[in-house]
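# Architecture and fold: a report
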Amino acid sequence: MPAALLVSKSPPLCGELTVHGAKNSVLPILAATLLCRTPCVLHNCPDILDVTHTLQILRHLGCSCERSGSTLSIDPRGFAENAVPPALAGSMRASSLFLGALLARTGAAALTLPGGCPIGARPIDYHLQAFRALGASAEEEGGTVRCRADRLHGARLRLPGPSVGATENAMLAALGADGCTTIENAACEPEIADLGAFLCACGADLRGAGTPRIEIEGGALTLRRAAPASCAGVIEVLGQCGCRIRCGHDTISIHRQGPLTACRPVTARPYPGFPTDAMPVLLAAQLGAQGKTSFTETIFENRFLYVQELQKLGAKLSQDGRTVRLQGAEPLHAARLHAGDLRGGAALVLGAMQAEGESTIFGVKHIQRGYDNLEAALQSAGARLKTVEIPIKV
Ligand code: EPZ
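The paragraphs below set out a description of the structure included in this document. (Residues numbered from 1 in each chain as written. Predicted model: local features only at pLDDT ≥ 70, side-chain atom pairs only at ≥ 80, totals over all residues. Heavy atoms only, no water.)

## Quick notes on the layout of surface pockets
We apply this condition: A 1.4 Å probe that fits but cannot get out identifies a cavity on a 1 Å grid over protein atoms alone, an open set with protein on both sides within 12 Å along at least five of seven lines counts as a pocket, and a residue lines either if it has an atom within 4 Å of a point. Grid points are joined across faces, edges and corners, and a volume is the space filled by probe spheres set on the points. Numbering of helices and strands starts at the N terminus; helices are DSSP runs of H or I of at least 4 residues and strands are runs of E of at least 2.
Estimates place the volume of the second largest pocket at around 510 Å³. Forming the boundary of the second largest pocket are 25 residues, of which Arg93, Ala94, Arg122, Val164 and Gly165 lie nearest the centre. Sorting the residues of the lining of the second largest pocket by element identifies helix H1 (23–32), helix H5 (125–133) and helix H6 (164–174) as the ones contributing at least two each.

Structure below.
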């Protein structure tokens, strides 16, 4: 039933009030949770209709959303749909932000034109212009906006005006792009800085939110609580493979647009040489690289147990004593694999992630000896894997 307010003449106000969380900060952050692969907990969220409607959109898209007081828990792992219901899209302006989030997450988005306060024409041409610059098609037809991109790529954007919504949408879409995006003439409102802080807390490599120039490394993987100084040998080889590496005090951000290129031949040596324990994982990562290379082990005489398993995926590997030669970028297919040691087991996981189909890896206990919930870590970065119980044949 529609409500009305009855208001009478009132005395000057006095006392103490607590300011609730900002509507225009929480709405883009809620849309941004679609880019996460693990649950998000947001504190100090106001209990207002636009938030309620945004939570309904997230639930419609497959996410689970719970409120406890002013704390919202969003679990995006059930995400499965990329069209926003028209009634919800038309209920507020901020629904437009699902365009950028869905484009980054799935490469497609459909939305009826957003609603919101009728305080002006409020077109979204700047938003669509940004999406097109990132490599998407973006058309408005009959009151519905449709965006699609096979692959988003980094771009240098200059917004025609410092639009808050267009800045937020460009930030979200750019996170799904391969490579670096700069947004010039960006809006500087506090909610932009809030969105940037949330995205960085989720692992985004993003700088300048809240200033007129924002830089975003899309399609990146950022490692936190890392120790760049002690990984110099690995970082150097990843650079040879065409990765762009950015190291902070305790972070390593790795970017790569397209397939890796083969690294120079690698020989494992005692620290500070290339670490023997990183060799299996690097070799597996090289299966997708373009070119040939080789890996020589000088520490352990039986380090290459996993090579014959990777060959079951179709990997072009040949072993000659303590050297394995690799021809990369060969098509790989699913197989049943057996982990025989800790680092070799991790190599099998990386190899299977590059193979068409679903592989089964036995001997998971080897992996569990040395990796803390490898499954969840890789899932949070977008990998598709799960642990299943194998019935023991009696
Ligand atoms: C956001 O609206 C806020 N809404 C508005 O608050 C706020 O007033 C406004 O920013 C300015 O701070 C939300 O965050 C949900 P703009 P937004 O894009 O993003 C033109 C409230 O009461 N423009 O910065 O829609 C536009 O028409 C609401 O909480 C284009 O021409 O504002 C306007 O004249 C009201 N093309 C100007 O830019 C575009 O593609 C600024 O709009 C986008 C905008």
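## Remarks on the site of the ligand
Quick reminder of the rule: Working definition: residue near molecule or strand if any one of its non-hydrogen atoms lies within 4 Å of it. Distance and chemistry together define a polar contact, namely a pair of N or O atoms within 3.5 Å, with one atom able to donate a hydrogen and the other to accept it when in protein, and with adjacent residues in sequence counting only for side-chain atoms on both sides. Note that accessible areas follow from Shrake-Rupley with a 1.4 Å probe, and for residues the cover is restricted to the protein chains shown. Assignment to a cavity or pocket requires that more than half of a molecule's atoms be within 2 Å of the site's grid points.
In the vicinity of the ligand, 14 residues are found, and the nearest of them are Arg93, Asp125, Tyr126, Ser163 and Val164. Between Pro123 and the ligand, the recorded distance is 3.3 Å, taken from a backbone N or O atom to an oxygen atom. In this structure, an oxygen atom belonging to the ligand sits 2.9 Å away from a main-chain N or O atom of Gly165. Protein burial of the ligand: of its 820 Å² of free accessible surface, 68% is covered by the chains. Mapping the ligand onto the cavity grids shows that it belongs to the second largest pocket. Among the elements of the structure, H1, H5 and H6 are those that each provide at least two residues to the shell around the ligand. Looking at the shell around the ligand element by element, the count peaks at three residues for H5.

## Describing the side chain of Thr181
Applicable threshold: Residue contacts are counted whenever heavy atoms from the two residues lie within 4.5 Å of one another.
Mapping Thr181 onto the fold places it in strand E8 (residues 179–184). Residues contacting Thr181, with those up to four places away along its chain left out, are Leu134, His153, Gly154, Ala155, Leu157, Ala174, Ile214, Glu215 and Ile216.

## Topic: the sheet that holds strand E9 (residues 205–207)
The condition that has to hold: A pair of strands counts as paired when DSSP detects no fewer than two bridges linking them. For helices, the fitted line uses only the C-alpha atoms of the stretch in contact; every axis is such a line through C-alpha atoms, and the angle between N-to-C directions lies from 0 to 180 degrees.
With mixed pairing, four strands are arranged side by side in an open sheet as E7-E8-E10-E9. Two strands in the sheet have a free side with no partner beyond their single neighbour: strand E7 (156–158) and E9. Direction aside, neighbouring strands of the sheet carry axes that sit 15° apart on average. In this sheet, strand E10 (residues 213–218) lies alongside E8 in antiparallel orientation, the contact comprising six bridges. By the bridge assignment for E10, Cys180 is matched with Glu217. Those strands touched by H6 are E7, E8, E9 and E10, and its axis lies near 25° from that of E10.

## What to know about the packing of helix H4 (residues 97–106) against H6
Helix-helix packing is characterised by the crossing angle of the two axes and by the distance between the axes. Formally: Angles are sorted into four bins: roughly parallel if under 35 degrees, roughly antiparallel if over 145, roughly perpendicular if 65 to 115, and oblique for all others. All amino acids are sorted into three groups, where Ala, Val, Leu, Ile, Met, Phe, Trp, Tyr, Cys and Pro are nonpolar, Asp, Glu, Lys and Arg are charged, and the leftover types, Gly among them, are polar.
Between H4 and H6, the least distance of the axes is 7 Å, while the angle of their chain directions is 10°. When the interaxial angle is binned, H4 and H6 end up roughly parallel. Side by side, H4 and H6 meet where Leu97, Leu99, Gly100, Ala101 and Ala104 of the first sit next to Gly165, Glu168, Asn169, Leu172 and Ala173 of the second. In terms of residue class, the contact of H4 with H6 is built from six nonpolar, three polar and one charged.

## Section: empty space enclosed by the protein
Empty space among the atoms can be located by rolling a probe the size of a water molecule over them. All chains considered together, the criterion is met by one cavity of 30 Å³ or more. Approximately 50 Å³ is the volume attributed to the largest cavity. Forming the boundary of the largest cavity are Glu297, Phe300, Glu301, Asn302, Arg303, Phe304, Gln319, Gly321 and Arg322. In terms of residue class, the lining of the largest cavity is made up of two nonpolar, three polar and four charged.

## Remarks on the packing of H1 against helix H7 (residues 190–201)
How we decide: In this scheme the handedness of a crossing depends on how the near helix is turned from the far one: anticlockwise by less than a right angle means left-handed, clockwise means right-handed.
Contact pair H1 / H7: the axes reach a minimum separation of 9 Å and the direction vectors enclose 30°. Both H1 and H7 take part in a crossing whose hand is right-handed. Only Glu191, Asp194, Leu195, Phe198 and Leu199 of H7 make contact with H1, whose side of the interface consists of Asn24, Ser25, Pro28, Ile29 and Ala32. Of the residues in the contact of H1 with H7, the class split is six nonpolar, two polar and two charged.

## Things to note about the sheet that holds strand E1 (residues 40–42)
Strand order in this open sheet of three strands is E1-E3-E2, and the pairing throughout is antiparallel. Of all the strands in the sheet, just E1 and strand E2 (64–68) have a single pairing partner and so form its edges. Each strand axis lies, on average, 15° off the axis of its neighbour in the sheet, ignoring direction. Across five bridges, E2 lies against strand E3 (residues 71–75) in antiparallel orientation. Pairing of Glu66 across the sheet is with Ser73, part of E3.

## With respect to the packing of aromatic side chains
What counts here: Any pair of Phe, Tyr and Trp rings, taking the six-membered ring for Trp, is counted once the centres come within 6.5 Å. Such a pair is stacked with planes under 30 degrees apart, edge-to-face with planes over 60 apart, and tilted for the rest. Residue burial is assigned from relative accessible area. The probe radius is 1.4 Å, only protein chains are included, and a residue is buried under 20% of its type maximum, exposed over 50%, and partly exposed in between.
Taken as a whole and judged by the stated rule, the model has one aromatic pair. Pairing Phe304 with Tyr306 gives two aromatic rings, centres 6.2 Å apart and planes at 55°, and the pair type is tilted. Look at Phe304 and you get buried, because its relative accessible area is 7%.

## Let's talk about the pattern of salt bridges
Let me state the cut-off plainly: A pairing counts as a salt bridge when a side-chain nitrogen of Lys or Arg comes within 4 Å of a carboxyl oxygen of Asp or Glu.
Following the criterion strictly, the structure yields 16 salt bridges and no others. Between Arg151 and Asp178 there is a salt bridge, with the nearest N and O atoms lying 2.4 Å from each other. Of this pair, Arg151 sits in the loop between strand E6 (144–148) and E7 while Asp178 sits in the loop between H6 and E8; the two residues are 27 residues apart in sequence, bridging distant segments of the chain. Note on Asp178: relative accessible area 12%, which makes it buried. A salt bridge links Arg303 to Asp277, with the shortest nitrogen-to-oxygen separation between them at 2.5 Å. Taken as a pair, Arg303 in the loop between strand E15 (292–296) and helix H10 (307–312) and Asp277 in the loop between strand E14 (266–267) and helix H9 (279–285) lie far apart in primary sequence, 26 residues in all. Among the residues examined, Asp277 registers a relative accessible area of 36% and is labelled partly exposed. Here the salt bridges share partners, and the residues they tie into one network are Arg156, Glu184, Asp205, Arg207, Arg213, Glu215, Glu217, Arg244 and Arg246.

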